[in-house]
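# Results of the structural survey
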Amino acid sequence: MKASLIKVDTNETVEELITEAVQESITEEALNFEKAAFETLSEIKNKLKEGKEVSHTPREILNWFGHKRRGPFVLETIDRSFKKLELETNPSYGETYLDSYVFFKLTNENHNNAFQKAKEEEVVEKINHDDQAHTIRRLKSANSKIVSVQKEDKLEKAITLMLMNQYSQLPVFSGEKLFGVISWESIGSRFHLGIKEELVSKFVIEVKPISIKKSLFQALSLIKEQGFALIEDENRKISGIITGADISEMFQTLSSPFLLIGEIESYIRIIIDKYVSKEHIKRIGKRDNVHELTFGSYVHILKDPVVWDEMKLNLCKDQFSERLDQVRKIRVVSIFLCKFFPTFKPRQRLLKSDWVTLPMNFHPQAYHC
C-alpha cells in the first residue's frame, strides 16, 4: 500500500478516526437492540429447558441485534449474549446461509445463574469463526433446492427442465446417489457424434462435488474447469449448485465499497483539476498538481471561500464540504478497519446511495453558473 493512501492532511489523526468509528458503532440504539435480543434468547433458553425444539435463520438472529451482515465484530457481539446464556446453534449461525434454519441448543447441563456468571467475567475471549472466511455455504445457490433428474429419465425431460429454468446443466441421480451432470455441452457433443439416445444416462458427464465448508476461492478452480460446482453438505448430499455468476455477485458485494470510494475521488479530482488554479492548489494543498493531493487536501481546497467563489457553482459550500469530509473519514477508516470489522457503520454507509449521491452524480457543467 502506498503511503499516500493513508496520509491524512487534517487535524485528525488516523488513530482518532479509528477511535471515532469504534465509538460510533457502540450507540444507544445498538445497546437497546442487544438488550432486546438478550430477552429473546432468554425465552429460547427457557423453551429448550422445557424440551421444546427452537430454530431460526441467521438473518433473524442478526435482525434481533440490529444487523444485516455478518462480520467478526457482529459475531463477537452476538456470541457474548450466547455465552452468557450458554446457548449455541447447530449448524453455527455464523457459517451457514443466511436464510437456512439453525437449531438452538444448550451448551452444557448447568443452566443456573448463567447471566450472573457471565457478568462477573472481565474479559470475553475472542472467538475464532470460520465465517470470517468467505465460505461456499454463505451463497444462496449453495443452499437452494436443486432441480435434478434421474438417470432413467428421458432426455426430453432434462431438456425441458433446463429450458424452463434457464439452466445450463442439471445434476443426475441414481436414486439418492449422485450419478453425474447433464448439460447443453454434453448433449450437443454427443449429438454431433451421431449419438441418438433417449435416456439421460447416455448424456451424463462425471463431476466432482465440493464441500459446502470450503472457501469460495477453492471453488474457483472447479468452476473454471467445469463451468459450475455441485455443493455437498455435511451429510454428503447435494445441497446446491454454484456458477460463475454467483461468484461474480459475491465479489461485487465485497468490492463495491472500495469502487465507490475510488469513483468519488476521481470525480473530485476532475473538479479540482478543471476549476481550481495551480496557485490555489499549491497554496492550500502544498502540492504542485492535483494528482499529488491527499483526499484531505481535496476537502480543504474545496471549502476555501476564495476557491469556491471562483468555481461559481450553484451549490451550498458548507453542505458539500461536510459531505465530502464524511467520505474522507469513511475512506481512511475503511483502509484500516474493513478487513477486521466489515460491518462497521462506515462500511455500511458506502452502500447507501444518499451518502454518495452528491459526489457520484456531480457533473460540473450542470451546476456551473
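Owing to the predicted nature of the structure, the values given are computational and were not obtained by experimental measurement.

## Concerning the sheet that holds strand S9 (residues 228-232)
Overall, mixed pairing links the three strands, which are arranged S8-S9-S10 in an open sheet. With one partner strand each, in any of the chains shown, strand S8 (210-211) and strand S10 (238-243) form the two edges of the open sheet. For S8 and S9, the ladder comprises two bridges, and the chain directions are parallel. Bridge pairing links Ile210 to Ile231 in S9.

## What about helix H9 (residues 244-275)?
Between its terminal C-alpha atoms H9 stretches 43 Å, which fits the 46 Å expected from 32 residues at 1.5 Å a residue. Of all bends in H9, the biggest is about 50°, found at Ser255, and the proline Pro257 comes one to four residues later.

## Details of the pairing of S10
The two faces of the sheet receive side chains in turn, since in a regular strand these alternate between them. Examined bridge by bridge, S9 and S10 share five bridges and lie antiparallel to one another. Within S10, the position partnered with Ala229 by the bridge is Ile242. Linkage of S9 to S10, two consecutive antiparallel strands, is achieved through a turn of five residues, within which Arg236 is found at a positive phi near 65°.

## Brief notes about the confidence of the model for the protein chain
A residue-level look at the protein chain finds 76% of positions with pLDDT of 70 or above and a mean pLDDT of 78. Across the protein chain, the secondary-structure element scoring lowest on mean pLDDT is helix H15 (residues 353-360), at 42, and the one scoring highest is strand S4 (residues 149-150), at 96. Across residues 1-11 the pLDDT falls below 50, and counting only partners more than four positions away or on other chains, this stretch makes 19 contacts in the model. Per-residue pLDDT stays below 50 along residues 339-369; that stretch engages in 81 contacts with residues further than four places along the chain or on separate chains.

## Some points on the pattern of salt bridges
Summed over all chains, the structure comprises 12 salt bridges. Across the pair Glu265 and Arg331 runs a salt bridge whose closest N-O atoms are separated by 3.3 Å. Here Arg331 lies in helix H13 (residues 317-337) and Glu265 lies in helix H9, a separation of 66 residues in the sequence. Assigned by exposure class, Glu265 and Arg331 land together as buried. Because the salt bridges share partners, they merge into one network encompassing Glu265, Arg269 and Arg331.

About the criteria used
- Residues numbered from 1 in each chain as written.
- Predicted model: local features only at pLDDT ≥ 70, side-chain atom pairs only at ≥ 80, totals over all residues.
- Heavy atoms only, no water.
- Pairing = 2+ DSSP bridges.
- Helix = DSSP H or I, 4+ residues; strand = E, 2+ residues; numbered from the N terminus.
- Expected span 1.5 Å × (residues − 1).
- Bend = angle between axes of the 7 residues up to and from the residue.
- pLDDT = per-residue confidence, 0-100.
- Contact = heavy atoms within 4.5 Å.
- Salt bridge = Lys/Arg side-chain N within 4 Å of Asp/Glu carboxyl O.
- Buried < 20%, exposed > 50% of the residue type's maximum accessible area, 1.4 Å probe, protein only.

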